Amino acid sequence: MIRVILPQHLRTLARVEGEVQVEVEGVVTQRSVLDALEARYPMLCGTIRDHVTQKRRPFVRFFACGEDLSHELPDSPLPVAVARGAEPFLVVGAIAGGS
Amino acid sequence: MSSVRVLVGTRKGAFILTSDGKREQWDISGPHFAGWEMYHVKGSPADPNRLYASQTSGWFGQIIQRSSDGGKTWETPGGEKMPSPGSMPAGASNKFVYDTTPETGKPLTTHQWYDGTQHPWEFKRVWHLEPSLTDPDTVYAGVEDAAIFRTTDGATTWQELAGLRGHGTGPKWQPGAGGMGLHTILLEPSDPGRIYIAISAAGAFRTDDAGKTWKPINRGLKSSYIPDPNAEVGHCVHHMAKHPARTNVLFMQKHWDVMRSDDAGESWHEVSGNLPTDFGFVIDVHAHEPETIYVVPIKSDSEHFPLEGKLRVYRSRTGGNEWEALTKGLPQRDCYVNVLRDAMAVDTLDSCGVYFGTTGGQVYVSPDAGDNWAPIVRDLPAVLSVEVQTLP
């Protein structure tokens, strides 16, 4: 199982507390994790990546194992520790000011 | 005894204010969707317990929420948690995709940008939700970048009425300072095919065939800030209002100027009259007196607050031109709030109630058509929209 930590607003939207776990078949990548996440929690569709282009929303970042993976290719394998469930995949709302 | 439910959208959540017909004692519910920008919350005239809300965020984009119990509980239509992984997600209630198909859409992909160049249409958010007068599952959505969408399945899926964006003048539309939003949708009770909309800064438009074809209705508008002040499009309409029983009469608060049309928008004439300033955002019509209208004059487009620090609603009982200041219960010194375009509403009780919200977080009510005002709440986040439902 892949562990995913969502930002507070998306946890509220998905009606979950703490981290969520999703099952991914095959290579564990950003895309496969997000596909599994949206399949389980359809209300998250469009909030992390664009509905049509599937690109990461500008103020959403991805982290794992202490590294910023936001600019990795969507089909690049995630760290082994994430694939094994030892470390979570973090979806983070960027610190981007606002009001 | 009748009651009222006021639906307030703010920069940091939605609030629901309820009272009996006296409108003196209020219960406050919220914040709903705390921390999110709630551009608009509106109830269905066909089923008052069916509410729709536009929830947006610079981080996570657009969400549409729906309630079937008057706002006690909410859901994202089609976005329910799946019982097991592997099911294909529905999750399209926030999917607003411009129609560019050759069959129903238009291959129009650009509008005018601030620098005069052409710019692609990019969905940003839903500014306004207008539920059908007859079907709780049908709703129109006005969005930025300007377009109108419709759902017929309770907001589970949305389709663009692409005839508006593609009717021909689209490449001349350009964003106002607040973006290029479609913010006003008026449905005509006597003619299901007729819809009026308004866009900043393109102008007003009308369809007579339920959204298939549209035409600009801006003749008579004058905007000195654009190259051709009498242009067919390019006018910064801030809001429009009409009385449900007056088929062809429209009122408009333009960037500057308060305007009136008596022929369904075919022509407009100014009715600013003795207003101290005719800049502003809101305009609304008394529920029982079609010639009684309300505006909140704002000092100017560079100073978005009331004149002289006095918050005054102006009322005309003559359909414009002759205006009186309504001040009882409103702050008359040191007040520098704004009242945004969707932040005024009227109820339909015998003594018509008028409501408006401010960027300072106050929501005011007048239970007697504007003669006397009182704050319902004083310290909400900045108010983006106010709607009211009159309940049996």
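Residues numbered from 1 in each chain as written. Chains lettered and ligands numbered in written order. Predicted model: local features only at pLDDT ≥ 70, side-chain atom pairs only at ≥ 80, totals over all residues.

### Some thoughts on the overall build of chain A
Thought 1: Along its length, chain A carries 3 helices and 5 strands.
Thought 2: Taken from the N to the C terminus, the helices and strands of chain A come in the order β-α-β-α-β-β-α-β.
Thought 3: Considered along the principal axes of its C-alpha atoms, chain A spans approximately 40 × 25 × 25 Å.
Thought 4: A fraction of 55% describes how many contacts in chain A between residues 6 or more apart in sequence connect residues 24 or more apart. (Helix = DSSP H or I, 4+ residues; strand = E, 2+ residues; numbered from the N terminus. Contact = placed C-beta atoms within 7 Å.)

### Some remarks on the overall build of chain B
Thought 1: Check the secondary structure of chain B and you find 1 helix and 29 strands.
Thought 2: For chain B, the C-alpha radius of gyration of 20 Å lies close to 21 Å, the compact-globule estimate for 392 residues.
Thought 3: Per-residue burial for chain B yields a buried fraction of 53% across its 392 residues.
Thought 4: Partitioning the contacts of chain B with sequence separation of at least 6, the portion at a separation of at least 24 is 51%. (Rg over C-alpha atoms; globule rule 2.2 N^0.38 Å. Buried ≥ 20, exposed ≤ 12 C-beta atoms within 10 Å, placed from the backbone.)

### Points about the interface of chain B and chain A
Thought 1: Listed by partner, the interface residues are 23 residues for chain B and 23 residues for chain A.
Thought 2: Of the residues belonging to the side of chain B that touches chain A, the class tally is 10 nonpolar, 11 polar and 2 charged. (Nonpolar A, V, L, I, M, F, W, Y, C, P; charged D, E, K, R; others polar.)

### Structural notes on the sheet that holds strand β4 (residues 67-68) of chain A
All names here are of chain A.
Thought 1: Here we have 5 strands laid out as an open sheet, ordered β2-β1-β5-β3-β4, and mixed in their pairing. Every interior strand has two partners, whereas the edge strands, β2 (20-22) and β4, have only one.
Thought 2: Each of β1 (2-5), β2, β3 (60-64) and β5 (89-93) touches helix α2 (residues 30-40); the most contacted strand, β2, lies at about 110 degrees to it. (Pairing = 2+ DSSP bridges. Axes fitted to C-alpha atoms, helices over the stretch in contact; angles between N-to-C directions.)

### Structural notes on the confidence of the model for chain B
When pLDDT drops low, the exact placement of atoms in the prediction is not to be read closely.
Thought 1: Of all residues in chain B, 96% attain a pLDDT of 70 or more, and the chain-wide mean is 94.
Thought 2: Two numbers describe this predicted complex: its pTM, 0.96, and its ipTM, 0.93. (pLDDT = per-residue confidence, 0-100.)

### Description of α2 of chain A
Residue and element names in this part refer to chain A.
Thought 1: For α2, the tally of buried residues reaches 9 of 11 residues, placing the bulk of the element in the interior.
Thought 2: Among the residues of α2, Gln30, Ser32, Val33, Leu34, Ala36, Leu37, Glu38, Ala39 and Arg40 are the ones counted as buried.
Thought 3: Buried residues in α2 make contact with β1, β2, β3 and β5.

### Regarding the environment of leucine 161 of chain B
Thought 1: Position of leucine 161 of chain B among the secondary structure elements: in the loop between β12 (159-160) and α1 (162-165).
Thought 2: Dropping the residues within four chain positions of it, leucine 161 of chain B is found in contact with Ile148, Arg150 and Gly211 of chain B.

### Brief notes about the sheet that holds strand β17 (residues 237-241) of chain B
Residues and elements named next belong to chain B.
Thought 1: A sheet is described by the order of its strands in space; here 4 strands give the open sequence β17-β18-β19-β20, paired in antiparallel fashion. Either end of the sheet is taken by a strand with one partner, and the two such strands are β17 and β20 (269-270).
Thought 2: Direction of pairing for strand β18 (residues 250-254) relative to strand β19 (residues 258-261): antiparallel, over a ladder of 4 bridges. In the strand pairing of β19, methionine 252 is matched with methionine 259.

### A word on the pairing of strand β1 (residues 3-10) of chain B
Residues and elements named next belong to chain B.
Thought 1: In terms of residue burial, β1 counts as a mostly covered element, since 7 of its 8 residues are buried.
Thought 2: The sheet contact formed by β1 and strand β2 (residues 13-20) spans 8 bridges and is antiparallel. Paired with serine 3 across the strands is aspartate 20, a residue of β2.
Thought 3: Counting the residues in the hairpin turn of β1 and β2 gives 2 residues.

### Some remarks on the nonpolar core
Thought 1: If you look at the biggest cluster of nonpolar residues, it comprises 134 residues, and the most contacted ones within it are Val33 of chain A together with Val8, Ile148, Ile197, Tyr355, Val363 and Val386 of chain B.
Thought 2: If sequence neighbours within four positions are ignored, isoleucine 197 of chain B has contacts with Gly142, Ile148, Leu164, Leu182, Thr184, Ile185 and Phe205 of chain B. (Core = buried A, V, L, I, M, F, W, Y, C linked by C-beta atoms within 7 Å.)

### A few points about the environment of aspartate 20 of chain B
Residue and element names in this part refer to chain B.
Thought 1: Counting through the fold element by element, aspartate 20 comes out in strand β2.
Thought 2: The class for aspartate 20 is partly exposed, based on 13 C-beta atoms found within 10 Å.
Thought 3: Spatially, the C-alpha atom of aspartate 20 lies 9.2 Å from that of leucine 391, the residues being 371 residues apart in sequence.
Thought 4: Those residues in contact with aspartate 20 that sit more than four places away from it in its chain are Met1 and Ser3.

### Section: unusual backbone geometry
A negative phi angle is the norm for most residues apart from glycine, just as the trans form is the norm for most peptide bonds.
Thought 1: Omega for the bond connecting glycine 30 of chain B with proline 31 of chain B falls within 30 degrees of zero, at 0 degrees, which places this linkage in the cis form.
Thought 2: The linkage connecting serine 200 of chain B with the following residue, alanine 201 of chain B, adopts the cis geometry, with an omega of 0 degrees.
Thought 3: Of note, alanine 201 of chain B is situated in the loop between β14 (195-200) and β15 (203-207).
Thought 4: Although it is not a glycine, arginine 15 of chain A sits at a positive phi angle of roughly 60 degrees.

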